[in-house]
Amino acid sequence: MQWQLGCKELSVGFDHQEETVQVLDRITLSITRGEKVLILGPSGSGKSTLLSALSGIIPDHVEAEVEGEIYRQEACGVMFQDPDTQFCMLHVDEEIAFSLENRRVPRGEMDGIIRQVMQMVGLQLEPHTPIDTLSGGMKQRLALACLLALEPDVLFFDEPTAQLDPVSRRDVFRLLREVAGKTGQTMVFVEHVLDGCIEWMDRVILLDRHGQIIADGEPAHIVTHYRQQMEEAGIWLPRLFPYSWQEVVNDPSHPLADVLRRELGERMERDRQASLSSSAASSIHTLSANVSAANAAVIIQTDQLSIGYRKRPVMQQINLSLPAGEWIAITGQNGSGKSTFLKSLLRLEPLLSGRIMLQGKELRKWPDRDLYAQAGFVFQNPELQFVTDTVYDEIAFGGRQRGWPEELLREKTVQLLQEFGLEDYQDQHPFTLSLGQKRRLSVATMLLFDQELLLLDEPTFGQDARTAAELIRRLKQRQQQGTTIIMVTHDMDLVDEHADRLILFRQGEVAYDGTPYRLFTDQKLLQDSAIIAPLHYRLNHQREERGII
Amino acid sequence: MKSNGSWLSTLNPSCKLIAHLLVMFLLMGISDPVITLCLWLLAVVIGITLGGWRLSYLLRRLLPYTLFFVLIFWMLAAFGKGEHVLWQWAWFRITEESMNNGLTIGLRMLGFVTYGLLFTSTTDLTALMMSLIHQLRLSPKWAYGMLAGFRFIPLFQSELQQMKSAHKIRGYKQKNSWKAFARYALPLFTQGIRKSERIAVAMEARGFTGTRDRTYYLTPVMTGKDWIYAASLLLAAGCIAWLLPW
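**What about the sheet that holds strand E9 (residues 213-217) of chain A?**
All names here are of chain A.
- One open sheet accounts for six strands, arranged E5-E6-E7-E3-E8-E9; its pairing is mixed. The two strands at the open ends of the sheet, each matched to only one other strand, are strand E5 (76-79) and E9. Across the sheet, the mean angle separating the axes of adjacent strands is 15 degrees when strand polarity is ignored.
- The pairing of strand E3 (residues 36-40) with strand E8 (residues 203-207) spans four bridges and is parallel. Bridge assignment links Leu40 to a residue of E8, and that residue is Leu206.

Now the structure itself:
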C-alpha cells in the first residue's frame, strides 16, 4: 500500500483572545492513493481543520498552532461550501483560466483545457458566461472544473453541498462520483448530509467533540455501529444506506421496507383525516352559510396577485386562500418567485397588481405597527436581521419600541429565552452564537407579540440535523398554540412530516395546492417539477410498477 | 463595467484611461464656459460616433446629472460676487462673473461625468485589470484582488435590502441617517471581512501567489490605433482649449 496523505500525533489549536483553543487532539491516520474518505463529526469537532491541515491550507494560508507530523501532496484542490466565495473572476472561462495561470500553463494550451474540464463537469455553456448568472449547483460544477484544471493528485471537499437544494445536491454528488470513477483521484470529504455520497466512500472517519478519532472503518460498519454518535453529532443519517435500493425494492420482507411501509400508512391516514375534516368544514359552511365565521378561519387571501422583480412578472394570477392555524409549505425551483411571494405577504416587496387580504382586511390598509405585531418574518440569513448588541435586548427590542412596562417586557422576554433554549446566552452578542442558536434567536425575536402568523424563508437551510430538528420542534409547539406557519423550503422530508399543505410554484403559476401526500403520489407532477419524493413514496411507486404489492 | 462592442471598446483600457484622465485635468484648469462646453461636446460626439452611444442612452444616463447641473449653476450664479449686475430681486443677485462661474463649474462637472461614462461604458473590467498589470505594471496581487472585490457589490446590495426589511419589521425607525448608517455598516462589514477571508484562502489554495510569476489568459497590448486615439483626443482637446479664445 502506498501512502499518499497522513498525519501522526497531529494537534491543532487556534489563538483566540490570548489563549489557545485546541481543535484537534493527537490525530493519527494515513490515506492511500485513490481512496475516497469521508470525515464526520459534530460541529466544532475540527473536521474542517483536519481537512485544511491535510490540504496544506493550515498552516500555509491560515495561521494555527500545529504539532505533530503531516504528510501531504503538493498538488491538491479544495472545494468549499459557499459557492459565492470561491471565485475571483467574472466569467466562467476566466475563472478556469485563473487555475491555469497560477500553474503557468502556456496561453496556447488554455482553451483546450478549459473546454475539456467544462465537458468533464457537464457545464454545457458558452465559456464566456458571467458567473453570477449561474445557479448554486452550476457554481459548484464550475468550482470542480477549476480544481480539475489544477490537475491535482488529491481533491478535498469541505461540505460542498451544504448550500444547495436537494436536487442540485443529488446532481453534484452524481457528478463527483462519475469524476471519481474516471480519474481515480484520492478524495477527502467533510459532509453532514450522507445520502448520495456515503454509498461510494471507501472509508469513514468519525471524530468526537474533542477532536479525537472515535471510529475509522468501512462505511457500512460505521453507519450500523455508531448510529447514536452520528445522531448526536447532528449528521443527516442516510435513509437507505447500508442497504441498496434494489435490495429493498425486491425483498418484500426487508426490515427497511417495513419501516417505510408503516410511514406511508401514517401519511395516508393523515391525508384521509385532513380531507374528512375539510369536507366537514365546507359542509358546515354551506349549511349554516355563516360567511363571517368562514372568513375568520382564513388568515391570508390573495386576489389576482402578480409579483415579480422590478416590472417583470414572475408569478401571475395567484389566487390562494390560506387557512389560519395550518403549517403551509411553499416550494418551487430557484427563481420561481416563492421568496418574493413570501416577502410580498408582509409588504417587503411591492405588488405588480392584484391584492392581498390579511385577516379580512386589505394589506395596504394595515398600519406598519399593527401589521408587524400580527406577523413575523424569519430571513434566510439570521445575522442580517439582528439590530441590538445582546441576545436579551434583541428579543426585547419590539417591546421597548412600543414602550412596554419593564416587568411585562422582562416576563415575555425571559419566557421566550427559555422556550428557545437561549437563557444562558442572554448577555452575549448575537453574532457570537452558533449557527443553530442564531437561527433560534431570529425566530424568537419574531414572537414577542405572540404573532399569529410566522413566515420563514428556508429555515433549515445549511443546518445540521440536530439543530434543524430542534427548530422544527419549537415551531410545531407554536403551531399547536394556534400560530399559522408559512415556510419556503426545498426539504421534502420536512414537508412530508410536518406540513398540512403544500403549494408548488412552477413556470409563473401555482402548479399544485393541496396536501403533501397527494403531490408525492402524483408521478407526472413530480416528474414535471423535478421534485424528489421522500423514500417511502418512491418505494411504493416502484413496487406498484413492478406489481410486487 | 462591461464592453459594449463599439470601436472604443476595442482600445487598450490603460491607454484610454490615461487619455481621458488628461482631458479631465485640462477641464479643471479652464475657467471659460464656452471652452468647457466645447470639451464636453467633444466627449458627446466621441460617444455617439465611436462609443456606440444612442441618444436615448445618453439622455437616460446624463439626465440626473443635468438636474444637478442646474442646481449648482443656480447656486453659484445667484449668490456669487461680482461687479456687473445683470439682474437683481430680493436677495438674488446675478452678476456676469457669477453667471460665468456657475456655467463653468456646472459644465465642468458634466464634462467629468461624460468622460468617465465614456470610459466605463466601453471598458470590460477584466480587460482593464489585465491591462493595468501589463501596461502600468500593477502587481497581480492588487489587480486580482480588486476583481474579486467587485463581485461583492451586488451581494452587498441584496444584503442591505434584507437588513432594511428586517429593521422595518422590528419597528426600527431611522430618525438619524448617520446612526442608521452605523447600524447597517457593522454587520455588512463583518460579513464582508468574513467573505473576503474565504475568497483569499480559496485563491491561495488554487496556487495564487500574487507575484508576476504566472501566465495570462488575457494579455492586452498597445497597438497603433491606441496611440492614434490618444493623440487625436488630446490634440482635439488642446486645440479647443488654446485656439478657441482667438
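**Looking at the interface of chain A and chain B**
- The interface of chain A with chain B comprises 56 residues on the first partner and 43 residues on the second.
- Summing both sides of the interface, chain A and chain B together bury roughly 4600 Å²; the carbon and sulfur share of this comes to 57%.
- Among the residues chain A hides against chain B, the three largest losses belong to Thr85, Glu101 and Leu384 of chain A. Together they make up 15% of the total.
- Here chain A and chain B share six salt bridges between them.
- Here Asp82 of chain A makes a salt bridge to Arg198 of chain B, at a shortest N to O gap of 3.1 Å.
- Secondary structure elements with two or more residues in the side of chain A that touches chain B: E5, helix H3 (92-102), helix H4 (107-120), helix H5 (136-148), helix H13 (368-374) and helix H14 (391-401) of chain A.
- Among the residues making up the side of chain A that touches chain B, the classes are represented as 30 nonpolar, 13 polar and 13 charged.

**Describing the packing of aromatic side chains**
- Applying the stated rule across the entire model yields 12 aromatic pairs over all chains.
- Relative to Phe505 of chain A, the ring of Phe341 of chain A lies with its centre 5.3 Å away and its plane at 70 degrees, an arrangement referred to as edge-to-face. On the criterion of sequence distance, the pair formed by Phe341 of chain A in helix H12 (residues 338-344) and Phe505 of chain A in strand E19 (residues 501-506) is long-range, its members being 164 residues apart. The pair formed by Phe341 of chain A and Phe505 of chain A is uniform in burial state, with each residue classed as buried.
- With a centroid separation of 6.1 Å and an interplanar angle of 45 degrees, the aromatic rings of Trp53 of chain B and Tyr57 of chain B are classed as tilted.
- Of the residues examined, Trp53 of chain B reaches a relative accessible area of 5% and is grouped as buried.
- Here the aromatic residues Phe98 of chain A together with Tyr144 and Phe208 of chain B are joined through ring pairs into a cluster of three or more.

**Thoughts on the domain arrangement of chain B**
- Domain annotation of chain B identifies domain 1 (8-129 + 222-243) and domain 2 (140-205).
- For domain 1 of chain B and domain 2 of chain B, the distance between their C-alpha centres works out to 33 Å.

**Notes on a nonpolar patch on the surface**
All names here are of chain B.
- Residues Trp74, Met75, Leu76, Phe79, Leu86, Trp87, Trp89, Trp91, Met99 and Ile105 make up a contiguous nonpolar surface patch of roughly 1100 Å² in combined accessible area.
- If you list the elements that add at least two residues to the nonpolar patch, you get helix H3 (55-79), strand E1 (85-89) and helix H4 (96-120).
- The dominant element in the nonpolar patch, judged by the number of residues it contributes, is H3, at four residues.
- Counting through the fold element by element, Leu86 comes out in strand E1.

**Considerations on the packing of helix H2 (residues 33-49) of chain B against H4 of chain B**
Residues and elements named next belong to chain B.
- Packing of H2 against H4 brings their axes to within 9 Å, and their N-to-C directions diverge by 20 degrees. One element, H2, and the other, H4, form an angle in the roughly parallel class. Handedness of the H2/H4 crossing: left-handed. Packed against H2, whose contacting residues are Pro33, Thr36, Leu37, Leu39, Trp40, Leu42, Ala43, Val44, Ile46 and Gly47, the element H4 presents Asn100, Leu103, Thr104, Leu107, Arg108, Leu110, Gly111, Thr114, Tyr115 and Leu118 at the interface.
- Taken together, the residues that form the contact of H2 with H4 break down as 13 nonpolar, six polar and one charged.

**What to know about the pattern of salt bridges**
- A full pass over the atoms with the stated rule returns 36 salt bridges over all chains.
- Between Arg104 of chain A and Asp213 of chain B there is a salt bridge; the shortest N-O distance is 3.2 Å. With Arg104 of chain A in the loop between H3 and H4 and Asp213 of chain B in the loop between helix H8 (177-205) and helix H9 (224-243), this residue pair bridges two chains.
- According to the relative accessible area criterion, Arg104 of chain A is partly exposed, its value standing at 44%.
- Note that Arg518 of chain A is salt-bridged to Asp271 of chain A, the shortest N-O span being 3.2 Å. Of this pair, Arg518 of chain A sits in helix H19 (residues 516-520) while Asp271 of chain A sits in helix H10 (residues 255-288), placing them 247 residues apart in sequence.
- Judged by its relative accessible area of 44%, Arg518 of chain A falls in the partly exposed class.
- For Asp271 of chain A, a relative accessible area of 7% gives the class buried.
- The network of salt bridges with shared partners includes Asp303, Arg355, Glu362 and Arg364 of chain A.

**A few points about H5 of chain A**
All names here are of chain A.
- Across its 13 residues, H5 extends 19 Å between first and last C-alpha, which sits within 8% of the 18 Å expected from 1.5 Å per residue.
- Most of H5 is tucked away, with 11 of its 13 residues classed as buried.
- Buried-residue contacts for H5 involve E5, H3, H4, strand E6 (154-158) and helix H6 (166-183).

**Notes on the nonpolar core**
Residue and element names in this part refer to chain A.
- One finds Ile300, Phe341, Val443, Leu454, Leu475, Ile486 and Phe520 to be the most contacted residues of the largest nonpolar core, which totals 79 residues.
- Excluding its chain neighbours within four sequence positions, the residues that come into contact with Leu454 are Gly376, Val378, Val443, Met446, Leu447, Leu475, Thr483, Thr484, Ile485 and Ile486.
- Judged by nonpolar contacts, the second largest core, of 55 residues, contains Leu142, Ala145, Leu148 and Phe241.

**Some words on the environment of Trp404 of chain A**
- By secondary structure assignment, the location of Trp404 of chain A is in the loop between H14 and helix H15 (406-419).
- A C-alpha to C-alpha distance of 33 Å links Trp404 of chain A and Ala469 of chain A, two positions 65 residues apart in sequence.

**Comments concerning the sheet that holds strand E1 (residues 3-16) of chain A**
All names here are of chain A.
- Sheet architecture is open: three strands sit in the order E2-E1-E4, paired in antiparallel fashion. Both outer strands of the open sheet, strand E2 (19-32) and strand E4 (65-71), are each paired with one neighbouring strand and no more. Averaged over all neighbouring strand pairs, the angle between strand axes comes to 5 degrees, with direction disregarded.
- Alignment of E1 against E4, held across six bridges, turns out to be antiparallel. Residue pairing in the sheet places Val12 in a bridge with Val66 of E4.
- Lying over the sheet, helix H1 (residues 47-55) contacts E1, E2 and E4, oriented at roughly 120 degrees with respect to E1.

Cut-offs and rules
Residue positions are given per chain, counting from 1 as you read along its sequence in written order. Chain labels run from A onward and ligand labels from 1 onward, assigned in the order the entries are written. Restriction of local features to residues with pLDDT of at least 70 applies here, the model being predicted, together with a cutoff of 80 or more for giving and counting side-chain atom pairs; totals for whole chains, interfaces and linings are based on all residues. Just so you know, side-chain values use all the structure's heavy atoms and leave hydrogens and water out. For two strands to pair, DSSP has to find at least two bridges joining them. Secondary structure elements are defined from DSSP: runs of H or I of at least 4 residues count as helices, runs of E of at least 2 residues count as strands, and each element is numbered from the N terminus. Axis definition: a line fit to C-alpha positions, over the contact stretch in the case of helices; interaxial angles, taken between N-to-C directions, run 0 to 180 degrees. Residue contacts follow a heavy-atom distance rule, with two residues in contact if any of their heavy atoms lie within 4.5 Å. The term buried area denotes the loss of accessible surface (1.4 Å probe radius) that occurs when two parts are joined, taken as the sum for both partners. When a carboxyl oxygen of Asp or Glu lies within 4 Å of a side-chain nitrogen of Lys or Arg, that pair is called a salt bridge. Under the grouping applied here, Gly and all other residues not named as nonpolar or charged are polar, the nonpolar ones being Ala, Val, Leu, Ile, Met, Phe, Trp, Tyr, Cys and Pro and the charged ones Asp, Glu, Lys and Arg. Only the six-membered ring of Trp is used, alongside the rings of Phe and Tyr, when aromatic pairs are assigned; centres must lie within 6.5 Å, and planes under 30 degrees apart are stacked while those over 60 apart are edge-to-face, with the rest tilted. For every residue, the accessible area (1.4 Å probe, protein chains only) is compared with the maximum for its type, and the residue is labelled buried under 20%, exposed over 50%, or partly exposed between those bounds. Each domain span listed reflects an automatic or database assignment of domains. A patch consists of residues whose relative accessible area exceeds 30% and which take part in no salt bridge; residues with like charges are grouped when within 9 Å of each other, and nonpolar side chains (Val, Leu, Ile, Met, Phe, Trp, Tyr) when within 5 Å. Here the accessible surface of atoms and residues is derived via Shrake-Rupley with a 1.4 Å probe, and residues count as covered only by protein chains that are part of the display. Working definition: roughly parallel below 35 degrees, roughly antiparallel above 145 degrees, roughly perpendicular at 65 to 115 degrees, and oblique for all remaining angles. Helix crossings get a hand from a simple test, with the near helix turned counterclockwise from the far one by less than a right angle marking a left-handed crossing and a clockwise turn marking a right-handed one. One fewer than the residue count of a helix, multiplied by 1.5 Å, yields its expected span. The term nonpolar core refers to a set of buried residues drawn from Ala, Val, Leu, Ile, Met, Phe, Trp, Tyr and Cys, joined through side-chain atoms within 4.5 Å.

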